[in-house]
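Below, each chain spelled out in residue letters.
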Amino acid sequence: MSEKRILLIGGVSLIKGRVKEAGPVMKEICDELEPLLQDIGFVDSAPFKTVSMIIRFGEKTDLTPEYEAINKRYNELPVAVEMELAEFRVASKDVVKSAFVKATIDVLLDIAKKYDLPSEPFEMIKS
């Protein structure tokens, strides 16, 4: 694996509460998707080298990616989605991971469309 990741996933709570399994699940997803992103050259022609995805835990679920300007200093594309915290408070690790993977794939597909990047493997995973 290269020294700089292509995909970083983090989370922040907009309301009081936490998702117990969030951190380990986010790391697992990054570890699993990183080789795929490298194999297809996801960021080779992109104006950024890292996707920095933040999952905001709030009162509703809105998986429409919210983009910020590309961070030129770190060569990162910041993008965020919101997921309802209540549904994850007592969810199993498998449920949390499944929801996070779906959100991540949706975001990567949206980024691929927006920046004309390769997306075939994600379309296959989603279907």
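Calculation criteria
- Residues numbered from 1 in each chain as written.
- Predicted model: local features only at pLDDT ≥ 70, side-chain atom pairs only at ≥ 80, totals over all residues.
- Heavy atoms only, no water.
- Helix = DSSP H or I, 4+ residues; strand = E, 2+ residues; numbered from the N terminus.
- Rg over C-alpha atoms; globule rule 2.2 N^0.38 Å.
- Buried < 20%, exposed > 50% of the residue type's maximum accessible area, 1.4 Å probe, protein only.
- Contact = heavy atoms within 4.5 Å.
- Lys, Arg positive; Asp, Glu negative; His and termini not counted.
- Charge placed at Lys NZ, Arg CZ, Asp CG, Glu CD.
- Salt bridge = Lys/Arg side-chain N within 4 Å of Asp/Glu carboxyl O.
- Expected span 1.5 Å × (residues − 1).

*Asks:* Would you take a moment to explain the overall build of the protein chain for this structure?
*Replies:* In terms of regular secondary structure, the protein chain is built from three helices and four strands. Seen in sequence order, the protein chain has helices and strands lined up from the N terminus as β-α-β-β-β-α-α. Scaling as 2.2 N^0.38, a compact globule of 127 residues should have a C-alpha radius of gyration of about 14 Å, and the protein chain matches this with 14 Å. For the protein chain, the spread of C-alpha atoms along the three principal axes comes to 40 × 30 × 25 Å. Put simply, the protein chain has 127 residues, and 43% of those count as buried. For the protein chain, restricting intrachain contacts to residue pairs at least 6 apart in sequence, the fraction spanning at least 24 positions comes to 72%. Computed over 18 positive and 22 negative side-chain charges, the separation of the two mean positions in the protein chain equals 5 Å.

*Asks:* Where do I start with the environment of Gln38 in this structure?
*Replies:* Mapped onto the secondary structure, Gln38 falls in helix H1 (residues 22-39). Along the primary structure Gln38 and Arg5 are separated by 33 residues, whereas in three dimensions their C-alpha atoms are 9.5 Å apart.

*Asks:* Before we go on, may I ask you to explain the pattern of salt bridges in this structure?
*Replies:* Where charged atoms from two side chains of opposite charge approach closely, those side chains can pair. Within the structure shown, the criterion is met by nine salt bridges. Between Asp31 and Lys27 there is a salt bridge whose closest N-O contact spans 2.8 Å. Taken together, the residues Asp31 and Lys27, both in helix H1 and four residues apart, mark about one turn of the helix.

*Asks:* What am I meant to see in helix H2 (residues 93-115) here?
*Replies:* Its 23 residues give H2 an end-to-end C-alpha distance of 32 Å, which sits within 8% of 33 Å, the value for a rise of 1.5 Å per residue. Residue Asp116 follows H2 closely and has a positive phi angle near 55 degrees.

Read these as spatial facts, not as claims about activity.
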